[in-house]
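A look at the structure
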Amino acid sequence: MLEAVRLSRRYGDFVAVDEVSFAIKPGEVVGLLGHNGAGKTTIMKMLTAYLEPSSGSVLIDGQDVTADPEAAHRQIGYLPESLPVYPELTVADYLAYAARLRGLDPAAVVPPAVRATELEARLLDPIATLSRGFRQRVGVAQAILHKPRFLILDEPTNGLDPSQTQHMRTLIRQLAEHATVILSTHIMQEVKAVCDRALILRQGKLVVDERLSDLVHTSTLRVRATGSDIGAVLAGVEGVTRQSQDDGAWLVEVSGSVEDGVAAIARALIGAGAAIREIAPIQQDLETVFRRVNEEVAA
C-alpha cells in the first residue's frame, strides 16, 4: 500500500501542499486531479522520494520512503511531466543507459519494456527525431524497466494528438494489470477513460477522495408520473428530503441509498393510484463534479 500521511510542502510562506492524506491499495488506478498549481506535481515528487515533505510522510507498506529513498525508487516507476532525456541518444541507447543506472541488465529488461510500449520500429532513431507521442512512450518504457509495483505518471497525455492520446490510454490500462497506477492530470477525459478513483486537489488541499462510480451519481431522482397530487405523495415518502419541479418532471432528493429511494417512491405512487412514467437517478459528469467542488471551496 502507498500512503500519504498529512503530507505538506512549503516554500517560504507559500504552502504548495497542505496536510494531504490518502491511501492507495494494490491494483488501483487513481487520478490526481486539480487545476494547474493545485499541488499535483509536488505531491508526485514527494511520493517518489525526489522531494522531501516539509511535514508528514509517505509510506510504502508502512515504511517511510525518506528513510531509504533508493528502496522506494526500486518499487516506483516515474514519468515526470517534462521527461529528462538525451536527445542525441537513440531509443535503444537511452533505455540501456537507464537500465544500467538502476543496476539492471539491459539485455534482460529493455526488450520487454520496448514491446509493452510498441517502440520496436524506433529503437535506432535518435530521440531528437521522435514526435512527442513517441517521446512519451520512451518515458513510460524507462519507468517500467524494473517492473515497479507503483507507476506514477505526471500529465502523460499532455501535448499528444488524439491518436497518440488513445494509444497512451490503452498502454496505461495494460500497465495497470501489473502495477498500481497514479495518474496526474487536469484533463477530465483522462480520468474517465482509465481511472477507477479520483483525488481532487484545490490550492494544495485534498477536497475529494471518491471512487468514480460513486462520484458521478447523485442522491437526486427524476420522477415523472401522472394522476393524483404527485407533489403531496412525494412529500409523504420517508427519506425524501427535498423536491422541485423541472420541465414536467419532479426532481427528488433522497437520504440513504438511491435504490431504497426508488423503491419507496414507486410504492407510494402506486399506492396513490398514480401512473409512473419514470423514476431514475440523475447522473452528473466528472466535469460538473470538478467545477462544483472548486466553486464550493472557493466560496
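Refer to the structure presented above.
Let me begin by describing the structure that accompanies this report. As the structure is a computational prediction, the values presented were derived from the model and not from experiment.

Note on helix geometry: an α-helix contains 3.6 residues per turn, so any two residues three or four positions apart are oriented the same way. With 14 residues, helix α10 (residues 258–271) ought to run about 20 Å at 1.5 Å a step, and its terminal C-alpha atoms sit 20 Å apart, in line with that. Regarding α10, the residues found buried are V258, G261, A264, I265, A266 and L269. Looking one or two residues past α10, G273 carries a phi angle of roughly 80 degrees, positive in sign.

This brings us to the side chain of D154. For D154, the position within the fold is in strand β7 (residues 150–154). Comment: no salt bridge for buried D154; closest opposite-charge side chain is K40, at 6.6 Å. Reaching out from D154, the side chain makes a polar contact with the side chain of T41 at a distance of 2.9 Å. Among the polar contacts made by the side chain of D154, one reaches the side chain of S184 at a distance of 3.3 Å. Here D154 is in contact with T41, M44, Y78, L79, P80, E81 and S184, once residues within four sequence places are set aside.

For the rest of this paragraph, the subject is a nonpolar patch on the surface. A contiguous nonpolar surface patch, about 310 Å² in accessible area, is contributed by Y86, Y97 and L101. Its place among the elements puts Y86 in the loop between β6 (76–79) and α3 (91–101).

Calculation criteria
- Residues numbered from 1 in each chain as written.
- Predicted model: local features only at pLDDT ≥ 70, side-chain atom pairs only at ≥ 80, totals over all residues.
- Heavy atoms only, no water.
- Helix = DSSP H or I, 4+ residues; strand = E, 2+ residues; numbered from the N terminus.
- Expected span 1.5 Å × (residues − 1).
- Buried < 20%, exposed > 50% of the residue type's maximum accessible area, 1.4 Å probe, protein only.
- Lys, Arg positive; Asp, Glu negative; His and termini not counted.
- Salt bridge = Lys/Arg side-chain N within 4 Å of Asp/Glu carboxyl O.
- Polar contact = N/O pair within 3.5 Å; in protein donor to acceptor, adjacent residues only side chain to side chain.
- Contact = heavy atoms within 4.5 Å.
- Patch = residues over 30% accessible without salt bridge, like charges linked within 9 Å, V, L, I, M, F, W, Y side chains within 5 Å.
- Areas by Shrake-Rupley, 256 points an atom, 1.4 Å probe, with all protein chains shown as cover.

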